[in-house]
Amino acid sequence: MDFSYTEEQQDVIKLAQQILGDQTEPAALKLIEEQRHRFDEKLWQDLAASGLLGVALSEANGGMAFGFETLCLLIEEVGRTVAPVPVIPVLVSALFLEQLGGEAFASTLADVATGKTLLSSAISEPGAEVRETPTTRAVADEEGWRLWGTKTCVPIAEHCAGVLVAAQTQGGVALFLVDPTTDTVTLQRQHVTCSESQYLMELEGTAATLLSDVAADVTAWLDALTVAYATMAVGVCDRMMRMSASYTSERQQFGVPVATFQAVGHRVADCFIDVECLRLVTQQAASLIDQGLPATDAALSAKIWTGDATHRVSQASQHVHGGIGVDRDYPLFRYCLWARQLELSAGSSAEMTACLGKRIESQFSS
Amino acid sequence: MKIEFTDTQKALQTEVREYMRDIVTDDLREEMKNPEYFEGGGPVFREKFARMGRDGWIALSWPSALGGREATPMEQYIFTEEVMASGFPYPFLTTDAVGPVLAEHGSASIRDEVVKTILQGETVVAIGYSEPGAGTDLASLTTRAKRDGDDWVINGQKMWTSLANFADYIWLAARTDPDESKKHKGLTMFLIPADTPGFSHTPVWTLGVRTNATYYENLRIPDRYRVGEVNRGWKLITGQLNRERLSLVNHGPVEALYRRTAQWAAETALSDGSMLISRPWVQHNLARVKVGLDALRMMCLKQAWAMTEGALGMAEASAAKVYGTEFFVELYRLLLEIMGQSGVICADSPGAVLQGDIEHRYRVGSILTFGGGCNEIQRDIISAAGLWMPRAER
Ligand SMILES: Cc1cc2nc3c(=O)[nH]c(=O)nc-3n(C[C@H](O)[C@H](O)[C@H](O)COP(=O)(O)OP(=O)(O)OC[C@H]3O[C@@H](n4cnc5c(N)ncnc54)[C@H](O)[C@@H]3O)c2cc1C
């Protein structure tokens, strides 16, 4: 049993904090948010130059091969700074492209590590549950696989060289790679709460590369994305809680800091407990994924904690801040918007609870 | 990060689990059905506890100088979890809170007379802190000890002195300096043999368990029953409370309740022939319990690990106490909802589910949210020690 970070993990945290911290001052974020896309190209290149984009990729593909758990540490820092960089869609997708696609994608992956290429994953469909078999269909003909269906809220699709997509084949669910720039793909920009560029993606006979037709691989891909979102939520929530603690320690009403009112102190203490729980279940899930062990229950648990904690910590933080907390000139609002986004990404608490409940049923039914 | 037990830790877990099967026998279960003996004290309990002493379990985490096995906090946690899950009313406060304090601070005669018998499983100590007027604000206690030659004369009343009806000693906090401004600095600890004249008790029946009011009337004991320095008792009290906190929110026993309930729901047919566990609302409750348990387990393991590393944070310890105790109550509720109407049938009545265990647990659930340092105090600690928020004067 060991809860400590390895030396290389500590280095990754330090490096990430240094690079992200320098470039996520409110003024810098504001400038980026005036662009059409909430994406900081320079910051992305700095992350590439530092090697962090390859943190989990194999050395053959220009990475550091530190594994999923260490990738999560980078993701947590991105959450803590709400940095405008799409680490989850790009880096988690890259991991699966590497694991399932093999050498055919070596140059794509090397380009991901150097910041030249972006990837994404499409996990939601309008009108389908995240963990149910997708309605998107895949059909094979002499020329290969073609996909029909609609995915929603696909991050950064317009800028990607490839998007990972799950679809139903005759033999069951499978994972594919599609090129979103081909003319059988229609992308419509969606404005979403966190203001990341996301897309409604329609596939109409889109040529696709089969990555895996093993259902367990599709589940592992979903699990990893789920835990990545949970990890980002750890950073987001931790920061909201700390902003609440420091703001209420300064802000005076009735001649005293508002933090000295026990009701206020306790509301923030409850955030501390939520963040602690969220962090621990997320670490558990990340550690299982890292070791290649079954992680679906743990991932669902982490997502349920994400849904609950993001909502509670965000509302408590807004509440104890009063008006300033919702003012777009004060930095809290970005965290609240991301909290909301993460709460509903990759499955809500209610949906994941139903999903976990079904699994418990089968575990106990002989 | 590696969040699995080592092979040695797993082996210890199995060893304790198997050992406890021979301890928690049918005759012990039968004896514990008597509410007087629910928390131990009956002849079968005495016999089993002494056996655990003989087999070296009580000394598990004690220093080797005292014949202990010097287990790490992680190993001690594993032991505690298995013992609690077994249902044996093991007197942890005697063996792991008061015992080591006596060994460190007790007089030579206490060490010979009491510490030895604690390790042999022959002695149970009750905790005499709370009073009718002193609960959360414990340092306001007024039970008075006055020096008289080589003796001390003690007068006062304690409240909620659990186990005092069968304990061999009372670990008593008394005021030795009447100066009110000295509050925390005027307290001294004593170990009172329960057969000392002037000691008496009356039962207090609570929602779920029996406890006692205890009385000290011109009770006279020699100075060798004083533990630690005069007026320096507060440190011994708080040191003991810290040891207690993690074992309060142990994950093992509630995990067992979850599994038993899920198993029961999977085996219980409804009138249409389907199993109770097939119902979405049942699955929902089980999933909520599971998710809460996942966090509890990780919190407990992380703390046991942090204690082993000598790096337990105050805020994290308080967070676990608040989370664990409040989650317990929620867990009982969620599991009892699955049983529905049967959730109110008590042990030994026809139709009781899982021997009425959770029906009873629900009735004792609140004790941990106000006891062991009430949760408001713990939240104060979290915001001050964990988040550096200023506190109001008190
Ligand atoms: C079954 C049972 C067994 C027990 N066993 C023992 C035992 O063996 N030995 C022993 O010494 N004691 C024992 N206790 C006593 C237990 O430790 C006390 O109940 C506990 O310390 C709380 O004290 P109180 O009951 O006087 O509540 P109070 O101190 O009166 O507190 C009541 C409530 O007031 C609020 N409150 C108090 N202080 C604050 C604050 N600073 N900020 C905000 N809110 C506050 C909290 O909501 C608290 O729950 C036992 C109690 C029970 C019920």
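Shown above is the structure to which this text applies.
Residues numbered from 1 in each chain as written. Chains lettered and ligands numbered in written order. Predicted model: local features only at pLDDT ≥ 70, side-chain atom pairs only at ≥ 80, totals over all residues. Heavy atoms only, no water.

### A few points about the pattern of salt bridges
We count it as follows: Should a side-chain nitrogen of Lys or Arg be within 4 Å of a carboxyl oxygen of Asp or Glu, the pair is scored as a salt bridge. Every helix listed is a DSSP run of H or I at least four residues long, and every strand listed is a run of E at least two residues long, numbered separately from the N terminus. Buried residues are those whose accessible area, probed at 1.4 Å on protein chains only, stays under 20% of the maximum for their type, while exposed residues exceed 50% and partly exposed ones sit between those limits.
Evaluation of the coordinates by the stated rule reveals 46 salt bridges over all chains. Of the charged contacts in the structure, one is a salt bridge between Asp148 of chain B and Arg220 of chain B, with a shortest N-O distance of 2.6 Å. Here Arg220 of chain B lies in strand β7 (residues 210–222) and Asp148 of chain B lies in strand β2 (residues 144–148), a separation of 72 residues in the sequence. Take Arg220 of chain B: its relative accessible area is 40%, and that puts it in the partly exposed class. Among the charged side chains, a network of salt bridges with common partners joins Glu76, Glu77, Arg80, Asp238, Arg242 and Arg279 of chain A.

### Points about the interface of chain B and chain A
Formally: Any two residues whose heavy atoms approach within 4.5 Å are treated as being in contact. The term buried area refers to how much accessible surface (probe radius 1.4 Å) is lost by two components on association, counted for both of them together. N or O atoms closer than or at 3.5 Å make up a polar contact, with two conditions inside protein: a donor-capable atom paired with an acceptor-capable one, and, for residues adjacent in sequence, both atoms drawn from side chains. Note that Gly is not counted as nonpolar here; it falls among the polar residues with everything else outside the nonpolar set of Ala, Val, Leu, Ile, Met, Phe, Trp, Tyr, Cys and Pro and the charged set of Asp, Glu, Lys and Arg.
Taken together, the 49 residues of chain B in the interface contact 49 residues of chain A. For the chain B and chain A pair, buried surface summed over both sides reaches about 4,300 Å², with 66% attributable to carbon and sulfur atoms. Interface area lost by chain B to chain A is led by Met1, Leu387 and Met389 of chain B, which between them contribute 18%. Along the contact surface separating chain B from chain A lie two salt bridges. For Arg288 of chain B, the salt bridge identified is with Asp308 of chain A, shortest N-O distance 2.3 Å. At the boundary of chain B with chain A, the tally comes to 13 residue pairs in polar contact (both at pLDDT 80 or more). Those elements that place two or more of their residues in the side of chain B that touches chain A are α8 (252–267), α9 (280–308), α10 (314–339) and α13 (375–386) of chain B. The element that contributes the greatest number of residues to the side of chain B that touches chain A is α9 of chain B, accounting for 16 residues. The residue makeup of the side of chain B that touches chain A, split by class, is 26 nonpolar, nine polar and 14 charged.

### Regarding the site of the ligand
What counts here: The rule for a residue being near a molecule or strand is that one of its heavy atoms must lie within 4 Å of it. Exposure was quantified through the Shrake-Rupley algorithm and a 1.4 Å probe, taking into account, for residues, occlusion by the shown protein chains and nothing else.
Inspection of the region around the ligand gives 15 residues, with Ile127, Ser130, Thr136, Trp160 and Glu376 of chain B positioned closest. The ligand sits at the junction of chains A and B, each of which supplies nearby residues. In the environment of the ligand, an oxygen atom lies 3.0 Å from a nitrogen or oxygen atom belonging to the backbone of Tyr129 of chain B. Interatomic distance of 2.8 Å between a side-chain N/O atom of Ser130 of chain B and a nitrogen atom of the ligand. Contact with the protein chains hides 68% of the accessible area of the ligand, taken as 980 Å² for the molecule alone. Partitioning the shell around the ligand into residue classes produces eight nonpolar, five polar and two charged.

Keep in mind these values describe shape, not function.
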